[in-house]
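Spelled out from the first residue to the last, the chains are:
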Amino acid sequence: MTSLNPDKKIHVAVGVIINKSEQILLAKRPLNLHQGGKWEFPGGKVELNETTSEALIRELKEEVNLDVSASHPMMEIHHDYGDKQVFLDIHWVKNFSGIATGAEGQEVLWVEKDDLIKYEFPEANKAIITKILAE
Ligand SMILES: Nc1nc2c([nH]c(=O)n2[C@@H]2O[C@H](COP(=O)(O)OP(=O)(O)OP(=O)(O)O)[C@@H](O)[C@H]2O)c(=O)[nH]1
Ligand SMILES: [Mg+2]
């Protein structure tokens, strides 16, 4: 039996990580995951009893081995993929230490802002790219 689930929207903490050379960090989503094979901004699901910034710190350590010391809100996006509804809570991350690596085996890349349009992203990310380019 199918039922309506009011909580099925997934809350995701997303980091737009920008280094001293004004490059942005991208990671490639593993093929087996939702929206697999596309590039993304590192991040992941906010767990119960966790704030968005706590989730961001945890996810960026797990995924790209960076230690985030500060982040600030950039924008919120609600998107329906049909098979999944997401609430992307996107933060700028300018204060961090460490060397970015694909800690889960994924490809990671520092990209110039103007080159972002060359990469394939999940549909919901279009507005994020627009916002970055407007900075
Ligand atoms: N991390 C991230 N997720 C995004 C972006 N854009 C976007 O639509 N999403 C969607 O948001 C959801 C994030 O889930 P995720 O797979 O990163 O979550 P997670 O790291 O906690 O993974 P897991 O709990 O499945 O191991 C996915 O459905 C993904 O397609 C993005 O730029 N970054
Ligand atoms: Mg993730």
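Residues numbered from 1 in each chain as written. Chains lettered and ligands numbered in written order. Predicted model: local features only at pLDDT ≥ 70, side-chain atom pairs only at ≥ 80, totals over all residues.

## Considering the UniProt feature "domain: Nudix hydrolase" (unreviewed entry) in the chain
Using the following cut-off: UniProt positions are given in the numbering used here, feature names are shortened, and annotations may be inferred rather than shown by experiment. Helix and strand assignments come from DSSP, with helices taken as H or I runs of at least 4 residues and strands as E runs of at least 2, each series counted from the N terminus.
In the numbering used here, UniProt assigns the feature "domain: Nudix hydrolase" (unreviewed entry) to residues 9–135. End-to-end, the C-alpha atoms of residues 9–135 are 29 Å apart, and along that stretch the chain is 17% helix and 40% strand.

## Examining the nonpolar core
This is how it is decided: Remark: nonpolar core denotes a set of buried Ala, Val, Leu, Ile, Met, Phe, Trp, Tyr and Cys residues whose joining runs through C-beta atoms within 7 Å. Here a residue counts as buried when 20 or more other C-beta atoms sit within 10 Å of its C-beta, as exposed when there are 12 or fewer, and as partly exposed otherwise, the C-beta atoms being derived from the backbone.
Counting 27 residues, the largest nonpolar core has V16, I17, L66 and V68 as the members making the most contacts within it. Elements with a minimum of two residues in this core: strand 1 (10–17), strand 2 (23–28), helix 1 (52–64) and strand 6 (85–97).

## Here we look at the site of ligand 1
Keep this limit in mind: What makes a residue near a molecule or strand is its C-beta atom, placed from the backbone, lying within 6 Å of it. Here the term charged refers only to Asp, Glu, Lys and Arg, the term nonpolar to Ala, Val, Leu, Ile, Met, Phe, Trp, Tyr, Cys and Pro, and the term polar to all other amino acids, Gly among them.
Neighbouring ligand 1 are 18 residues; Q35, E40, G44, K45 and P122 lie closest to it. Those elements giving two or more residues to the shell around ligand 1 turn out to be strand 1, strand 4 (43–45) and strand 6. The residue makeup of the shell around ligand 1, split by class, is nine nonpolar, five polar and four charged.

## Let's talk about the sheet that holds strand 6
Adjacent strands of a sheet form backbone hydrogen bonds with each other and so pair up, either parallel or antiparallel. Rule in force here: Any two strands between which DSSP finds at least two bridges are classified as paired. For helices, the fitted line uses only the C-alpha atoms of the stretch in contact; every axis is such a line through C-alpha atoms, and the angle between N-to-C directions lies from 0 to 180 degrees.
One open sheet accounts for four strands, arranged 4-1-6-5; its pairing is mixed. The two strands at the open ends of the sheet, each matched to only one other strand, are strand 4 and strand 5 (67–80). Here the strands of the sheet are splayed against their neighbours by 20° on average, with no regard to which way each runs. Across eight bridges, strand 1 lies against strand 6 in parallel orientation. Pairing of V14 across the sheet is with I90, part of strand 6.

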